Amino acid sequence: MSAGKTIGFLFIEGLADWEYGLLSGSAVEWFSARAVSLTPTGEPVTSMSGFRLSPDRGADPAENADLDAIAVIGSDGWASKKAPDVSALLHTVEERGGVVGGICAGTLALARAGLFRKAKHTSNGRDWILHHEPDYAGRENYQDVPHAVVDGRIVSAPGSASGTFALEFLRTLYPERADAVSEMRSLFAREYS
């Protein structure tokens, strides 16, 4: 059993409270992962609901040599012209074989970093992502689906798909733990059966 993997959760001001809980909680409880909170500069941020988050560290690649994966959590701030550039961290994790994921507007950070150039991906809708990044590399790889999409070690999801984002992210990070992911999927699905 693989244990001890570290997942960075990257947050910015106005983070979406519902987008990370299934992934962070499941990763720690079911997979013995270590969850680390990050913000671009290491400064605290406030969620959409008004909760204050004090991160463990910033997003400098040098601070994050231990990350096996990174999940970019949505916020309306990613759609802003003043959105932080976190490409260096995303590329560093990707280049060392880590999982890189984005949910909701967090997918814009992956698009800007060029990580969709060769990867099938999704977001909050084709028109939505093209409105914000009309010329991003890989736009022809967009999948117009309501659930998470995985291509290699890149995971993307619309903001309404935190369940499949968690499942696909963990399936990609822990391929040898397919049984545990399947059990999680069954547990999550009970609500809708």
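Residues numbered from 1 in each chain as written. Predicted model: local features only at pLDDT ≥ 70, side-chain atom pairs only at ≥ 80, totals over all residues. Heavy atoms only, no water.

Novice: Can you explain the packing of helix 5 (residues 162-173) against helix 6 (residues 178-189)? Please cite residues and give values.
Specialist: The relative placement of two packed helices is expressed as an angle between their axes plus a distance between the axes. Where helix 5 contacts helix 6, the axes come no closer than 10 Å and their chain directions differ by 175 degrees. Between helix 5 and helix 6, the angle is such that the two are roughly antiparallel. Residues Gly163, Leu167, Glu168, Leu170 and Arg171 of helix 5 touch helix 6, and the partners they reach there are Val181, Met184, Arg185 and Phe188. When the residues that make up the contact of helix 5 with helix 6 are grouped by side-chain class, the tally is five nonpolar, one polar and three charged. (Axes fitted to C-alpha atoms, helices over the stretch in contact; angles between N-to-C directions. Helix = DSSP H or I, 4+ residues; strand = E, 2+ residues; numbered from the N terminus. Parallel < 35°, antiparallel > 145°, perpendicular 65-115°, else oblique. Contact = heavy atoms within 4.5 Å. Nonpolar A, V, L, I, M, F, W, Y, C, P; charged D, E, K, R; others polar.)

Novice: Report on the pattern of salt bridges, specifying residues and quantitative values.
Specialist: Pairing is possible between side chains that carry opposite charge, provided their charged atoms lie close to one another. Under the definition given, this model contains five salt bridges. Note that arginine 171 and glutamate 168 form a salt bridge whose closest N and O atoms lie 2.6 Å from each other. Of the two residues, arginine 171 and glutamate 168 are both situated in helix 5; the distance of three residues between them amounts to about one turn of the helix. (Salt bridge = Lys/Arg side-chain N within 4 Å of Asp/Glu carboxyl O.)

Novice: So what about the environment of alanine 62? Which residues, and what values?
Specialist: Mapping alanine 62 onto the fold places it in the loop between strand 4 (52-53) and strand 5 (69-72). Spatially, the C-alpha atoms of alanine 62 and leucine 89 are 8.7 Å apart, while their sequence positions differ by 27 residues.

Novice: Lay out the sheet that holds strand 8 (residues 154-157) with the relevant residues and their values.
Specialist: Within the open sheet, the six strands sit side by side as 2-1-5-6-8-7. Their pairing is mixed. Strands at the two margins of the open sheet, each flanked by one partner only, are strand 2 (34-38) and strand 7 (149-151). Strand-to-strand twist across the sheet, computed as the mean angle between neighbouring axes with direction ignored, equals 15 degrees. With five bridges connecting them, strand 1 (residues 6-10) and strand 2 associate as parallel partners. Considered in strand 2, the bridge of glycine 8 is made with valine 36. Sheet strands touched by helix 2 (residues 87-95): strand 2, strand 5, strand 6 (99-103) and strand 8. Its angle to strand 5, the strand with the most contacts, is close to 145 degrees. (Pairing = 2+ DSSP bridges.)

Novice: Explain the nonpolar core residue by residue, including any values.
Specialist: One finds Ile7, Leu23, Phe165, Phe169 and Leu170 to be the most contacted residues of the largest nonpolar core, which totals 31 residues. Those elements that provide at least two residues to this core are strand 1, helix 1 (21-31), strand 5, strand 6, strand 8, helix 5 and helix 6. It is helix 5 that contributes the most residues to this core, six residues altogether. Contacts of phenylalanine 169, omitting those with residues within four sequence positions, involve Ile7, Leu23, Ala69, Ile70, Ala71, Val99, Gly101 and Val155. (Core = buried A, V, L, I, M, F, W, Y, C linked by side-chain atoms within 4.5 Å. Buried < 20%, exposed > 50% of the residue type's maximum accessible area, 1.4 Å probe, protein only.)

Novice: How would you explain the side chain of serine 75 if you had to name every residue and give the values?
Specialist: Structurally, serine 75 can be placed in the loop between strand 5 and helix 2. For serine 75, the side chain forms a polar contact with the main-chain oxygen of glutamate 13, separated by 2.5 Å. If we ignore the near neighbours within four places in the chain, the residues touching serine 75 are Ile12, Glu13, Gly14, Leu15 and Ala105. (Polar contact = N/O pair within 3.5 Å; in protein donor to acceptor, adjacent residues only side chain to side chain.)

Novice: Lay out the packing of helix 1 against helix 6 with the relevant residues and their values.
Specialist: As a packed pair, helix 1 and helix 6 sit with axes 12 Å apart at the nearest point and diverge in direction by 130 degrees. Here helix 1 lies oblique to helix 6, going by the angle between them. Seen along the crossing, helix 1 lies across helix 6 with a hand that is right-handed. Contacts between helix 1 and helix 6 pair Leu22, Ser26, Trp30 and Phe31 from the former with Ala180, Val181, Glu183, Met184, Leu187 and Phe188 from the latter. (Left-handed = near helix turned anticlockwise from the far one by under 90°.)

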